[in-house]
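# Descriptive structure summary
As a plain string of letters, each chain reads:
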Amino acid sequence: ALGSAAQLAHHARAAHDLPTALVASLRAADDAARLLAPQDELRHLETVLELVEAAGPAPGVTTVELLARAASAAARSGLDDRALALATRAVELAGPGPDRVLLRAHTARYLLGAGRGEDAFATAERALAELRSPDGEPGPREAGAGGGGGADWATGGASSATTAWVLAVHARCALNVDRDDEARASAEQAVAVARDGGHAGIEADALGTLAVLLVDDDERSAELLATARDRAEAAGDLATALRCGSNLAAAHFHAGRLEQARQEIDRALDGARRAGLTWDVFAQQLQFLAELVRITTGDLTPAQPAPAGAPPGAGAVLAAIDLYAATARGDDDAVERARALAPAGATDPQVLLMAGGCEVDALTLAGRPAEALERAVGLMDHLSRRWDDWFLGGIWLAALALAALADVGTPSPGRRGETDPAPLLQQGDELLERAVTTAQRGRPRGGRLGPEGQAWLARARAEHSRLRTPGGAGDPDLWEAATVAFGYGHRYEVARSRYRWAAALLAAGQRDAARAHAAEGLAVAREIGAA
């Protein structure tokens with residue numbers, strides 16, 4: 001009694017008093033949970049699981065319950081792969097019934113966090129089947145489930161909370177793999193069951209999914225997300241509040257409402273820190289989004305490295321995001337830093353997209369456009385195989401590829417006439433067509449291509465005009481359109497497009513207008529440090 005439970009557990013293990021170590025480790029995990037320290041909670045629970053094998057069952061708790069609790073702590077620590085392994089083991093040990101159904105739904109959530117969307121949906125589907133009856137066969141009242149009434153859902157003996165939660169998780173997983181109709185049906189049923197049972201946190205989670213499905217009205221979607229967040233906070237469900245806050249911040253960002261995005265990010269991250277959820281998957285997404293907002297609004301100062309305790313992968317994502325600013329600053333090592341992220345990009349396509357795109361941009365700015373073009377084409381082909389042909393980041397990559405191609409196709413005095421323009425023009429036409437088709441056929445989560453995507457499409461058209469214009473300056477009207485499109489708040493790209501606009505105006509003989517735009521672009525570039 002002279003020290004903490006954690007100290008007692010440590011000394012008991014050293015003295016080979018395993019029963020005492022087991023009880024003390026369990027108490028230490030409880031202490032860590034009360035202090036909102038999930039990483040410590042996980043460490044103590046994993047010690048308990050080790051000791052159970054040597055010293056026998058823990059008092060008052062089953063191995064399945066320990067595994068489920070450890071999985072939750074791992075997820076709250078941002079260790080989704082570890083959470084998945086623990087939850088999978090719990091499902092294997094659990095017998096048929098509502099507890100296993102709930103564990104399977106949690107496993108689907110951890111699969112989502114680990115980036116395995118299709119596996120998550122399949123697991124959520126299985127949980128839904130088991131919810132209907134223990135053996136997975138349709139329940140006797142399944143036909144009434146679609147009517148929105150919670151009382152009609154066949155639960156196989158599950159509580160209303162379990163039923164609502166499994167439906168909510170199924171909705172979230174269906175949303176993630178673009179099965180919107182199934183997501184909407186499960187989310188509406190989850191809301192009905194949760195409302196009937198008085199489970200405000202689960203209702204908020206399902207409302208958050210329905211809000212994301214409002215693809216035709218981004219303002220209404222944001223309002224519903226804010227409502228869901230507030231309900232989750234009032235219910236004390238801080239994890240759901242964090243998810244809704246993350247989605248709300250992302251909705252503001254993709255709609256070009258950068259200041260509102262910043263405010264929601266600050267609010268949600270403050271809540272995450274107070275709840276001990278600093279490295280929850282949605283807290284990580286908020287931290288990444290905060291960096292994007294910072295850079296977009298013109299703060300190009302180097303990012304701080306990922307702090308101690310950050311989960312694996314978070315540092316690579318932050319480093320990839322920082323490459324946007326490094327490229328704009330003109331850092332000499334931007335290309336090398338991008339290439340150093342190749343191992344992380346092999347497992348995380350988002351890292352590959354960001355680092356690879358910045359590598360293309362940095363190579364072009366460094367006067368190596370042929371290398372940049374080759375890298376851009378290879379990157380688009382690779383990511384098309386990883387995702388699909390019309391992944392939305394392809395608009396950005398196509399615009400950067402066109403910029404490199406335009407530089408390749410503009411002969412310098414020392415190599416005038418060496419380049420046959422026909423293949424370059426054909427490749428430029430193909431790249432522009434790819435950007436336009438991606439904008440038409442790609443699937444923005446908001447239903448409509450947001451201002452950033454529209455701006456990069458305008459930039460692709462303007463870069464294509466440089467390829468088609470003698471001297472390589474491009475069409476002033478298209479560069480004006482690109483400058484205006486980035487005016488939603490992307491200060492660096494506004495300045496860069498304005499520079500090209502000035503060059504096009506100068507080539508067209510409009511010297512006064514060119515001087516004015518060049519001066520304005522230069523002032524912004526100096527202010528934000530875009531060398």
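Our subject in this report is the structure included herewith. (Residues numbered from 1 in each chain as written. Predicted model: local features only at pLDDT ≥ 70, side-chain atom pairs only at ≥ 80, totals over all residues. Heavy atoms only, no water.)

## Things to note about the overall build of the chain
Along the backbone of the chain there are 25 helices and zero strands. When its C-alpha atoms are laid out on the principal axes, the chain stretches across 85 × 60 × 40 Å. Looking at the chain residue by residue over its 531 residues, the buried ones come to 50%. A separation of at least 24 residues holds for 63% of the contacts in the chain among residues at least 6 apart in sequence. Only carbon and sulfur atoms are counted for the fraction: they give 52% of the accessible area of the chain, which is about 23600 Å². Looking at charge distribution, the chain has the averaged site of its 54 positive side-chain charges lying 2 Å from that of its 72 negative ones. (Helix = DSSP H or I, 4+ residues; strand = E, 2+ residues; numbered from the N terminus. Buried < 20%, exposed > 50% of the residue type's maximum accessible area, 1.4 Å probe, protein only. Contact = heavy atoms within 4.5 Å. Areas by Shrake-Rupley, 256 points an atom, 1.4 Å probe, with all protein chains shown as cover. Lys, Arg positive; Asp, Glu negative; His and termini not counted. Charge placed at Lys NZ, Arg CZ, Asp CG, Glu CD.)

## Regarding the side chain of Glu130
Topologically, Glu130 is positioned in helix α7 (residues 117-132). Note on Glu130: relative accessible area 8%, which makes it buried. A polar contact of 3.0 Å, which involves the side chain of Glu130, links it to the side chain of Arg104. (Polar contact = N/O pair within 3.5 Å; in protein donor to acceptor, adjacent residues only side chain to side chain.)

## Comments concerning the environment of Ala507
For Ala507, the position within the fold is in helix α24 (residues 491-507). Each C-alpha atom, one on Ala507 and one on Ala462, is 15 Å from the other, the two residues being 45 residues apart in sequence.

## Observations regarding the environment of Leu432
For Leu432, the location among the structural elements is in helix α21 (residues 421-441). Judged by relative accessible area, which is 17%, Leu432 ranks as buried.

## Here's the deal with the packing of aromatic side chains
For the coordinates displayed, the defined rule picks out four aromatic pairs. Each ring, one from Tyr324 and one from Trp396, has its centre 5.6 Å from the other, and the planes form 40°; the classification is tilted. Residue Tyr324 is found in helix α15 (residues 314-329), and its partner Trp396 is found in helix α20 (residues 393-408); the two are separated by 72 residues along the sequence. The class of Trp396 is buried, set by a relative accessible area of 11%. (Phe/Tyr/Trp six-rings, centres within 6.5 Å; stacked < 30°, edge-to-face > 60°.)

## Topic: helix α4 (residues 63-76)
With 14 residues, α4 extends 20 Å between its outermost C-alpha atoms, agreeing within 8% with the 20 Å of an ideal straight helix rising 1.5 Å per residue. Val64, Leu66, Leu67, Ala70, Ala71, Ala73, Ala74 and Ala75 are the residues of α4 that are buried. Check the buried side of α4 and you find it contacts α2 (18-34), α3 (38-55), α5 (80-93) and α6 (98-113). Positive phi shows up at Gly78, right after α4, with a value of about 80°. (Expected span 1.5 Å × (residues − 1).)

## Digging into the pattern of salt bridges
Taken as a whole, this structure holds 46 salt bridges when the rule is applied. Between Glu359 and Arg375 there is a salt bridge; the shortest N-O distance is 3.1 Å. Linking Glu359 in helix α18 (residues 349-365) with Arg375 in helix α19 (residues 369-386), this pair joins segments that are 16 residues apart in sequence. The class for Arg375 is partly exposed, based on a relative accessible area of 28%. Put simply, Arg491 and Glu527 hold a salt bridge, and the shortest N to O gap is 3.1 Å. Taken as a pair, Arg491 in helix α24 and Glu527 in helix α25 (residues 511-528) lie far apart in primary sequence, 36 residues in all. Of the residues examined, Arg491 reaches a relative accessible area of 27% and is grouped as partly exposed. Exposure remark for Glu527: the relative accessible area of 57% places this residue in the exposed category. Each of Asp361, Asp407, Arg459, Glu463, Arg466, Glu493 and Arg496 takes part in salt bridges that share partners, so that together they form one network. (Salt bridge = Lys/Arg side-chain N within 4 Å of Asp/Glu carboxyl O.)

## Brief notes about the packing of α6 against α7
With their axes 8 Å apart at the nearest point, α6 and α7 run at an angle of 165° to one another. With respect to α7, the element α6 is oriented roughly antiparallel. You can see that α6 and α7 cross each other, and the crossing is left-handed. Seen from α6, the contacting residues are Arg100, Val101, Arg104, Ala105, Thr107, Ala108, Leu111 and Leu112; seen from α7, they are Gly117, Asp119, Ala120, Thr123, Ala124, Arg126, Ala127, Glu130 and Leu131. When the residues that make up the contact of α6 with α7 are grouped by side-chain class, the tally is nine nonpolar, three polar and five charged. (Axes fitted to C-alpha atoms, helices over the stretch in contact; angles between N-to-C directions. Parallel < 35°, antiparallel > 145°, perpendicular 65-115°, else oblique. Left-handed = near helix turned anticlockwise from the far one by under 90°. Nonpolar A, V, L, I, M, F, W, Y, C, P; charged D, E, K, R; others polar.)

## Overview of the packing of helix α22 (residues 451-468) against α24
Relative to each other, α22 and α24 sit at 25°, their axes nearing to 12 Å. Between α22 and α24, the angle is such that the two are roughly parallel. For the pair α22 and α24, the sense of crossing is left-handed. Packed against α22, whose contacting residues are Trp456, Arg459 and Arg466, the element α24 presents Glu493, Arg496, Ser497 and Arg500 at the interface. Of the residues contributing to the contact of α22 with α24, the split by class is one nonpolar, one polar and five charged.

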